[in-house]
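Tertiary structure, described
For reference, the chains in residue letters:
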Amino acid sequence: MDILGLMMIRRAREQRRQRQARVLLRELRNSYNPLEDLSDRDFKLLFRLTKPLCRTFLDHILPFMEERQRETGLTKEQRVFCAIRFFAVGSYQRPIGQETRICLSQASVSRCVSEVSDIIDEFLAPQFISFPATETEKDEIKQEFYERFGIPGIIGLIDGTHILIKRPPNNIEHAYYAVRKSSHSKNVQIISGANLKILNVNAAFGGAAHDSFVFKSSSVSTFLKDNYFRGDRSSWILGDSGYPQLPWLMTPLSNTHNAAEERYNIVHKRTRSVIERCIGVLKSRFRCLSKQRILMYSPKRAGAIINSCCTLHNIMVQQYYPLPSEDDIMLEIQEDQQEYFEDQHNETSTLLQQGRRQREHLIRSVF
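These remarks concern the structure in this document. (Residues numbered from 1 in each chain as written. Predicted model: local features only at pLDDT ≥ 70, side-chain atom pairs only at ≥ 80, totals over all residues. Heavy atoms only, no water.)

With that settled, the discussion passes to the overall build of the protein chain. Helix and strand counts for the protein chain stand at 15 helices and six strands. Expressed as a percentage of the 367 residues in the protein chain, the buried residues total 52%. Across the protein chain, the fraction of contacts at a sequence separation of at least 24, relative to all contacts at a separation of at least 6, is 69%. Accessible surface for the protein chain amounts to roughly 18,600 Å². Of this, 51% is attributable to carbon and sulfur atoms. (Helix = DSSP H or I, 4+ residues; strand = E, 2+ residues; numbered from the N terminus. Buried < 20%, exposed > 50% of the residue type's maximum accessible area, 1.4 Å probe, protein only. Contact = heavy atoms within 4.5 Å. Areas by Shrake-Rupley, 256 points an atom, 1.4 Å probe, with all protein chains shown as cover.)

Structure below.
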């Protein structure tokens, strides 16, 4: 037999071995169910969720997912498991398929993350993330904040956090380059309640945008402003000194002149620490958002992933899921600290003056 014939035989044998290996991997993948095959401890270590909580999440998301198109494709559950694992660890995608024994390529894992994050962003996020709009909703949140911190009128705490992303295309790169971070990021606005529930998330802006600009451009800003001019003069959110003082946004005083103002600043700081803790918990639970990771996706896809993690966070809050360790939370808070400064822009603005008068009235009447 000539050399060409031997090469053809060897190639045929190799192709047969590869087909057999793919069949075995497919059989292993299809027979694997983490909810049944893993212990409670191993499941929680791998997916950062308990089995009951994961089943609850599956009940919410599976109705929106399509069945696999090919016999060799992944089931709906397998695609969700891959995405959750990526949200939890945020590391390179290739090992995820191996760790979950679903045996996937990096491209397959990426498709799972894209599909699941799109569904969560479109269908589940509006269900689980909502800013208080009715008087009843606002009153409930106000009461919770007042009982815990003694400041009336609070319907949320606001802060921005940077989530690193890969370098965007040249024509939009400038919008995502955060000079202080020396990297490309999204500046994500988060508003939380007193119980760490996320009431609003805005992941539409790049790292070059300032916190105050993100807020001014948000639907929450428009809602609060409209609310104020319709006569609601007793509802506001709390923010740090990176935001302007407005009638519906209370910030700390840069200089205090009496005991009441000092007490206001102390209580303001203690109350606002809740939003820092909320962001710390979010990043501890979903390491793909951590400063130690970079979302290797386009800005739009990164936004969907961020919204998905916030949605899962709220489901965990709703189900009283245990918090991460205190050390992990504090590490994320420390890494996320930003320099605060008093925004001096439009010093003579009417609304800024009204906001300062509103703050002065709050201080006189409460502190």
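Following the structure, the description resumes.
Mapped onto the fold, L282 is located in helix α12 (residues 259–285). A residue is classified by how much of its surface remains accessible, and L282, at 3% relative accessible area, is buried. Measuring from C-alpha to C-alpha, the distance between L282 and L196 comes to 9.3 Å, with 86 residues separating the pair along the chain. Excluding residues within four positions of it along the chain, L282 makes contact with I190, I198, L289, C309, C310 and H313.

Moving on: the side chain of K51. Along the polypeptide, K51 turns up in helix α4 (residues 51–61). The contacts of K51, once residues within four sequence positions are left out, are P34, L35, L38, S39, D40 and F43.

Once that is clear, we can look at the packing of aromatic side chains. Taken as a whole and assessed by the stated rule, the structure comprises 13 aromatic pairs. Summarising the aromatic geometry, the rings of F47 and F81 are spaced 5.4 Å apart at their centres and angled 45° between planes, so their arrangement reads as tilted. With F47 in helix α3 (residues 40–47) and F81 in helix α5 (residues 76–89), this pair connects stretches of sequence that are 34 residues apart. Following the ring pairs from residue to residue traces out a cluster consisting of F43, F47 and F81. The side chain of R233 reaches across the aromatic face of Y228, ending 3.9 Å from its centre. (Phe/Tyr/Trp six-rings, centres within 6.5 Å; stacked < 30°, edge-to-face > 60°. Lys NZ or Arg CZ within 6 Å of the ring centre and 35° of its normal.)

Turning our attention to the pairing of strand β4 (residues 198–202). The element β4 is extensively covered by neighbouring structure, given that five of its five residues are classed as buried. Hairpin geometry of strand β3 (residues 183–192) and β4 is characterised by an intervening segment of five residues between the two adjacent antiparallel strands and by a positive phi of about 75° at L196. (Pairing = 2+ DSSP bridges.)

A side chain with one charge can pair with a side chain of the opposite charge if their charged atoms come near. Under the criterion given, the structure shown has 13 salt bridges. K76 is the partner of E67 in a salt bridge, and the nearest nitrogen-oxygen pair spans 3.5 Å. Through salt bridges with shared partners, a single network forms among D159, D240, R272 and E276. (Salt bridge = Lys/Arg side-chain N within 4 Å of Asp/Glu carboxyl O.)

Put simply, α5 and helix α7 (residues 106–128) touch, their axes get as near as 8 Å, and they point 90° apart. With respect to α7, the element α5 is oriented roughly perpendicular. Residue-level contacts link R79, V80, C82, A83, F86 and F87 of α5 to C112, V113, E115, V116, S117 and I120 of α7. The class makeup of the residues in the contact of α5 with α7 is nine nonpolar, one polar and two charged. (Axes fitted to C-alpha atoms, helices over the stretch in contact; angles between N-to-C directions. Parallel < 35°, antiparallel > 145°, perpendicular 65-115°, else oblique. Nonpolar A, V, L, I, M, F, W, Y, C, P; charged D, E, K, R; others polar.)

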